[in-house]
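For reference, the chains in residue letters:
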Amino acid sequence: MLRLFLLLLLGCLTSQEEYQAILARAEAAVACQTTTSWWLDGDSDGWGREGEPEPGVFDFEAEVCGGPTASYVERTGDCVDDDPTIHPEADDLCTEEPIDEDCDGEAPVMATWYADRDEDGYGDAASPFTACGETEGLVDNQGDCNDRDAAVHPGAEPVCGDGVDNDCDGVSECGLAWGVEDQADDVAVRFLGSEDVPLDGPIVAGVDLTGDGRGDVAIGTPGVTEGGGPGVLIFGGPFAGEYDVADADAVLYARYPLEGDAGAALVAGDVDDDGYVDLLVGEPNPPSGYGYAHFVFGPLSGDGELASSREVLTVEGGLGDQLGTAVTLLDGDGDGQLDYVLTEPTNIGLCGNYSVDESGRAYLYFGPLPQDAQRILLDSTYIDYRCGDETHFGEEVDVAGDVDGDGADDLLWGVPDVEPDGVNTDASGQVFLMTELASLRGSWAVIRSDASATIYTSDARRAFGDQVAGAGDVDGDGYDDVLVAESTWGFSGLATGKVWLFEGARLRSMNGGSVMPDDGAVACVEGVRSYEQHVGTALASLGDASGDGFADIAIGAPGWRSRGASVGGAFVFLGPVVGSFELEDADASIEGEREGDALGATLFGAADVDGAGEVDLMVGAPGMNGVLLWSGDAY
């Protein structure tokens, strides 16, 4: 067609040579109209920059013959057109910084991977490897606490009661939702005292004192100075928020306002079998000097005086004997009826034919409660230390639980002011366990000879046993275990403090024998030795708070240091507990807010205080003049 057109156009006016030249130019013009697109290649790597063709001197879509200059190429896709090493045909290199060398949108990075031996998708932090991209047998996450068991990893479901940390959260299931490192301002419920009415006494919680079917809280105020001298404040549940002295639902006032120490000891139970919980309140140092133990009958409401009346049965001790220093309720003979222990640590005892100063005495009365208060002392089993010079026997006593497995409660006594030979010179301390209490009925017991087991130290200038407590069955063997503290233990005169755990099974087999803590304890907990932390000032059993079949324990250290200040703390250890620990090893802890809070000076556990169905822990902080409800939601 082109040739025919030219022939018609030129006819015979041109020579053959002229015709051929015109034909060649025409064919070249047609070829130019189908020229492909071109892109600027700024780094001369043979690849043009991405995007639309670069506008410029040439119209790349048509009309240009022979192509553009050397700076243009027919292919595009260069994602970085100023670096000749980067283009679609380049090889990706593994570097610490991501660089997409082949322009495919992916940039391999040199990363740390972890061995996954059990192929559960979680790596072992102790086996890191540096590699580029996925590698067989390696994963990019860590946190597997047992990389040889595919059932144990951070994503596993907790298995309650198997003693295994299935989900690698640091807690042997079932665990607690108590914060691992809570502070006082993390709690939801606070009870706050005042300068005149400090909340510095013992705590009872989780029992229905007001008779409305809900758990209540009672707090002793032995340090009260003004305002009529309340001895005990009772707050009715349920609880949420903050409460002060004026919010108390009932107040038990001291017999002598502004004097004495009513509320220095406190324990609750249904002492008269009428279906209501009653309070047993100690007032060892009233102005009269005789000492009192008040049985206050529930349900409690309004204000009342701690004195003999229809609602209160008051037992009076001897002059200067400090009756009511310790008060305890237990079922010592296993008959289902509460029995009572009242102590007089400054009672003058006997040693042969000689009286000695303040050796101490305890009264064990087997219930039911008599109508005549003084019958409690007259008809009690007397328990003395005997032959001790100012041993102050009876300052420390607690229900040990059922250590020997006979279905009846046992007693644990701490006597820190005595040496092993019974003479108080520099002191070292002893702890006594008494089982088979029913056999003591009607007798005069001597703690040193009638104890089932004795724990002692041989080092002078110590106060071993300044705190004792029943721990519950921490090791799950069916026998309750016991806690013994020496809150003043330490080096170079520093009261670091230390707590020992003793197995009930070991103590029950001793048959009157003795053991030292280094030989008999299965666990010990202490603080940082360079600080006065007073570890063990308060002890509490939480029962099986975590639901795994083992009892759990709480330890108070009012001198605990954190954030550069002595704020105090309470520390929870989940059973079983075996070995040596520092406070930092606790499964959960709560600390004070500021210097001098002394959080952890008092504890009360093993009770559902807020009604949520879990075990809570009440923590006293006299420095902040408050008591905190620390919730321990189990999962």
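Shown above is the structure to which this text applies.
Residues numbered from 1 in each chain as written. Predicted model: local features only at pLDDT ≥ 70, side-chain atom pairs only at ≥ 80, totals over all residues. Heavy atoms only, no water.

(A) Looking closely at the overall build of the chain. Helix and strand counts for the chain come out as 6 helices and 45 strands. Expressed as a percentage of its 635 residues, the buried residues of the chain come to 50%. At a minimum sequence separation of 6, the contacts of the chain that also span at least 24 residues come to 55%. By element, 48% of the accessible surface of the chain is carried by carbon and sulfur atoms, the whole surface being about 27300 Å². (Helix = DSSP H or I, 4+ residues; strand = E, 2+ residues; numbered from the N terminus. Buried < 20%, exposed > 50% of the residue type's maximum accessible area, 1.4 Å probe, protein only. Contact = heavy atoms within 4.5 Å. Areas by Shrake-Rupley, 256 points an atom, 1.4 Å probe, with all protein chains shown as cover.)

(B) Structural view of the sheet that holds strand β43 (residues 602-607). The strand order across the open sheet built from 5 strands is β13-β9-β45-β44-β43, with neighbouring strands paired in mixed fashion. Each of the sheet's edge strands pairs with one partner strand only, and the pair in question is β13 (241-243) and β43. Mean inter-strand twist for the sheet, computed between neighbouring axes without regard to direction, equals 15°. Two elements, β43 and strand β44 (residues 616-621), share 4 bridges in a ladder whose sense is antiparallel. Across the sheet, Ala607 pairs through a bridge with Asp616, a residue of β44. (Pairing = 2+ DSSP bridges. Axes fitted to C-alpha atoms, helices over the stretch in contact; angles between N-to-C directions.)

(C) Region of the structure containing the pattern of salt bridges. Following the criterion strictly, the structure yields 12 salt bridges and no others. Notably, a salt bridge pairs Arg190 with Glu593, separated by 2.5 Å at the nearest N-O pair. Of the two residues, Arg190 sits in strand β9 (residues 189-192) while Glu593 sits in the loop between β42 (588-591) and β43, which places them 403 residues apart along the sequence. Using a relative accessible area of 24% as the deciding quantity, one classes Glu593 as partly exposed. Asp212 serves as the salt-bridge partner of Arg214, at 3.3 Å between the closest nitrogen and oxygen. Among the charged side chains, a salt-bridge network with shared partners connects Arg117, Asp124 and Asp147. (Salt bridge = Lys/Arg side-chain N within 4 Å of Asp/Glu carboxyl O.)

(D) The arrangement of the state of the cysteines in detail. Taken as a whole and assessed by the stated rule, the structure comprises 2 disulfides. In this model Cys79 forms its disulfide with Cys103; the gap between the sulfur atoms is 2.0 Å. Across the S-S bond of Cys79 and Cys103 the torsion is about -75°, and the bridge reads as left-handed. Of this pair, Cys79 sits in the loop between β4 (76-78) and β5 (110-115) while Cys103 sits in the loop between β4 and β5, and the two are 24 residues apart along the sequence. By relative accessible area, Cys79 is classed as partly exposed at 33%. Residue pairing for Cys145: its cysteine sulfur links by disulfide to Cys168, the two sulfurs lying 2.1 Å apart. One quick way to see it: the torsion about the S-S bond of Cys145 and Cys168 is about -80°, and its sign makes the bridge left-handed. (Disulfide = S-S within 2.5 Å.)

(E) Highlighting the side chain of Glu486. Position of Glu486 among the secondary structure elements: in strand β32 (residues 481-486). The contacts of Glu486, once residues within four sequence positions are left out, are Arg462, Ala463, Phe464, Asp466, Gly497, Lys498, Trp500 and Val535.

(F) Focus on the environment of Arg448. With respect to the helices and strands, Arg448 occurs in helix α4 (residues 447-450). You can call Arg448 partly exposed: its relative accessible area is 35%. When the C-alpha positions of Arg448 and Ile383 are compared, they lie 9.8 Å apart, and in sequence the two are 65 residues distant.

(G) Structural view of unusual backbone geometry. Here the bond from Gly298 into Pro299 is cis, since omega is 0°, no more than 30 degrees from zero. Mapping Pro299 onto the fold places it in the loop between β17 (292-296) and β18 (302-305). Here the residue pair Gly575 and Pro576 is connected by a cis peptide bond, since its omega of -5° sits within 30 degrees of zero. You can see Pro576 is positioned in the loop between β40 (569-573) and β41 (579-582). Despite not being glycine, His534 shows a phi value in the positive range, around 55°. In this fold, His534 is placed in the loop between β35 (521-526) and β36 (538-543).

(H) Up close: the layout of surface pockets. Counted as a void, the largest pocket has a volume near 1600 Å³. Elements that contribute at least two residues to the lining of the largest pocket include exactly β10 (203-207), β15 (265-269), β20 (327-330), β26 (396-401), β31 (467-472), β36, β43 and β44. Its residues assigned to classes, the lining of the largest pocket comprises 30 nonpolar, 12 polar and 6 charged. (1 Å grid on protein atoms, 1.4 Å probe; cavity = no way out; pocket = protein on both sides within 12 Å on 5 of 7 lines; lining within 4 Å. Points joined across faces, edges and corners; volume = space filled by probe spheres on them. Nonpolar A, V, L, I, M, F, W, Y, C, P; charged D, E, K, R; others polar.)

(I) Expanded view of the sheet that holds β17. Pairing is antiparallel in the open sheet, where 4 strands are placed in the order β15-β16-β17-β19. Because the sheet does not close on itself, it has two edges, and the strands there are β15 and β19 (312-316). Between one strand axis and the next, the sheet turns by 15° as a mean value, whatever way the strands run. Here strand β16 (residues 278-283) pairs with β17 via 5 bridges, running antiparallel. Residue pairing across strands places Val281 opposite His294, the latter belonging to β17.

(J) Representation of the packing of aromatic side chains. Under the defined criterion, the tally for this structure stands at 14 aromatic pairs. Ring geometry for Phe235 versus Tyr243: centroids 6.4 Å apart, planes at 65°, classification edge-to-face. Residue Phe235 is classed as buried on the basis of its relative accessible area, which comes to 1%. Measuring from ring centre to ring centre gives 4.8 Å for Phe393 and Trp413, while their planes differ by 35°; the resulting arrangement is tilted. Residue Phe393 is located in the loop between β25 (381-384) and β26, and its partner Trp413 is located in strand β27 (residues 410-415); the two are separated by 20 residues in the primary sequence. These aromatic residues form a ring-pair network of at least three members: Phe191, Phe235, Phe239 and Tyr243. (Phe/Tyr/Trp six-rings, centres within 6.5 Å; stacked < 30°, edge-to-face > 60°.)

(K) Summary view of the side chain of Ser546. Inspection of the secondary structure assignment puts Ser546 in the loop between β36 and β37 (552-557). Since its relative accessible area comes to 1%, Ser546 is described here as buried. Only 3.1 Å separates the side chain of Ser546 from the side chain of Asp548, close enough to count as a polar contact. (Polar contact = N/O pair within 3.5 Å; in protein donor to acceptor, adjacent residues only side chain to side chain.)

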